[in-house]
Structures are given as structure tokens and as C-alpha cells.
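# Working through the structure, step by step
In case you want the letters, here they are:
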Amino acid sequence: MKISISEVLREAYRRGEAVIPDGAVATYIPELGRADKNALGISICTRDGLHYGIGTVDKRFTMQSISKVVTLIVAMERFGVGEVFRNVGMEPSGEAFNSLIELDLKSNRPYNPMVNSGALTVTSLLVGKVSFESLLETTRRFCNDPEICLDETVYRSELANMSRNKSIAYLLESKGIIQSSVEETLDLYTRMCSLSVTARSLSNCAVLLAMDGVDARGNELIDSRLCEIAKTIMLTCGMYDESGEFAVKVGIPSKAGVGGGVLSAADNRLGIGVYGPSLDDKGNCIAGKPVLAYLSRALKLHIFDPNDITAEIIP
Ligand code: GLN
């Protein structure tokens, strides 16, 4: 029996909604604590640029760690893959996103660009060379959303409460890994985290990555090799210390942020953006896992599923 995309979305929503009470909104950045815990939105963008959505798909929220994907791509474009990965590794850390233990004890290089230590390192490469305004423009282009802007309130709230990131950044400087200004690095990193997106704009960026950097009009916005690298690192490290379980159960390269967003790029098929500020204990949208695991099964989106049935289900 053929199921429709709206039925699939309704069931995904139902499964996500069921786990929302088990999570909590982030409060370590006080402004994020004001989010509506019960909000949930799921947006799908097809390779032809068509949107299907349910719930809170147009509400603006800050992208937080999802910006690490944009920053990584821009750094690779600007400095080359070799130079970026001379400074940061490609391995999952198995630790929380804001951990500095493994960095201090086990390595002289952050494990990967998806955790804070790695993203701060990548950001430090951009300081003085790529302006915030140009990164904002790039984010708008990748998300096909000209209304993305800096959420000043969240930005100020994080700046006033970032002892942890300061510790990481100064540790990186002490090890000679950050060589530009630590204060400017922290500022640029925090600005990128404070860009306001929607589930719909995340689905646009996700489909761009899924289609190897080519948009629905056929324009190449990102080099395909860089998309391949970004997606691989999202798959292995994008959900922090639950990346392994997520890869098994969902199998879609994804990146989450503590603002509640998840960007999921189903290779060659479609892009998904989820918004749900109730987070699990790893700091990922708690509804994201059941929502995406269900979508992955129903639409056959797992990276190792050879059957592409999206054309049958999505008109
Ligand atoms: N701005 C947040 C931080 O640095 C981003 C973390 C996240 O989204 N996981 O702590």
C-alpha cells in the first residue's frame, strides 16, 4: 500500500511529540531557556526544491552548532582540506560537545570540527581573513534564506555565559593550536552560533549537501568533494557522543545544535530540518532521533539503503 508524504510526516511528528516531555530546553545559555519546550517542526525539501512540512517550520531559532558545518565548508574552501585537517582531526571524540578532557590529556589536536574545541580551532583560521558578514551571506545562500540574521539577544546571552568555551579556547592557545586572537575567535564562533534559521531553511541547506552542493536550479554552490567530507564528518561526529547510535538507527548525516535544530542530509534524495528545543542529555533535540529514525525507515533514507523510493512517495 502506498503511503503519502503527509501521512509519513504526521506519524513522524507523533513519534517526536511523544518524547518531548523526557527532555529539557538548554539553560546554560539563559536566553535559550525561554524557548517553548513543546514546539516541534519537521520540514522536508526535495531535490526539486519542493517543501513538505508539519508543525513549527517557520519559527526562527538559533542554529548553534549546526553553524559548525558552514564554518568547516568555508574554511576548506578558503584554506584547502589539507590545511584545515592539519589543525583538527577527523575522529569522533566519544565525549560531550563541550568537553576539554580528551583535548588536554590525549591529543594536541581537537578530535573533529563538530565539537566545540574543533569548531573554535576552525573558526580561528578564519579570524581576520573571512568576515562575519561574508559568513552570514554564505549561510543565507546555503539555506536559501535571505532573512537569516544575528539574534543579538542570544548572542549577548552566550557571550556573558561562556566560561566553558573560553576555557577551551585558551587551552587551545596554550597548546599553540589557536594562533589568532582568542577573543576574536570566541566572538566569531558565538556570532555564527547565534544566526537565526527555521526548520525550513535547515531543510534547504540539508538538500544542498545531499545533492553534493548543486541547488534545484542547477547552480553549484559548494564543491562536491567538500560536501562529501562535511557529510562524512556529520555522520561520524555530528551528533556528538550519540553519533554511533544515530548512524545505526537513522543513518542520515546529521548535525544538531542546542537551539533545538537538526539538519539531516539524506544523500542524493532530500533534506530534512527539524526544530524541537527539548533536548536529550547529549544536548541534541530529543524528538530528532525518533522523528528521523522513522523518516529514514518510511522513506528509505538510510545511507546504506540502496532503494530510492522518494520519487514514488513524494509527487
Ligand atoms: N553555542 C553553543 C556552545 O558553544 C553551541 C553548542 C551546541 O549547539 N551543541 O556551547
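Preceding block: the structure.
All of the points below concern the structure found in this document. Predicted model only: the values in this text are computed from it and were never measured. (Residues numbered from 1 in each chain as written. Predicted model: local features only at pLDDT ≥ 70, side-chain atom pairs only at ≥ 80, totals over all residues. Heavy atoms only, no water.)

## A short note on helix H7 (residues 152-159)
- Every buried residue of H7 is accounted for by Val154, Tyr155, Ser157 and Glu158. The buried residues of H7 all sit within an arc of 165° when viewed along its axis, so they share a single face.
- Of the surrounding secondary structure, the elements contacted by the buried residues of H7 are strand E3 (61-62), helix H8 (163-174) and helix H9 (182-193).
- Looking at where H7 begins, the residue whose side-chain oxygen comes 3.1 Å from the main-chain nitrogen of Thr153 is Asp151. (Buried < 20%, exposed > 50% of the residue type's maximum accessible area, 1.4 Å probe, protein only. Helix = DSSP H or I, 4+ residues; strand = E, 2+ residues; numbered from the N terminus. Arc of directions from axis to C-beta. Contact = heavy atoms within 4.5 Å. Polar contact = N/O pair within 3.5 Å; in protein donor to acceptor, adjacent residues only side chain to side chain.)

## With respect to the packing of helix H5 (residues 116-126) against H8
- In the contact formed by H5 and H8, the axes pass within 10 Å of each other and the chain directions differ by 60°. One way to sum up the angle between H5 and H8 is to call them oblique. Here H5 runs over H8; the crossing is right-handed. Two secondary-structure elements touch here, H5 through Asn116, Ser117, Leu120 and Thr121 and H8 through Asn165, Ile168, Ala169 and Leu172.
- Residue composition of the contact of H5 with H8, by class: four nonpolar, four polar and no charged. (Axes fitted to C-alpha atoms, helices over the stretch in contact; angles between N-to-C directions. Parallel < 35°, antiparallel > 145°, perpendicular 65-115°, else oblique. Left-handed = near helix turned anticlockwise from the far one by under 90°. Nonpolar A, V, L, I, M, F, W, Y, C, P; charged D, E, K, R; others polar.)

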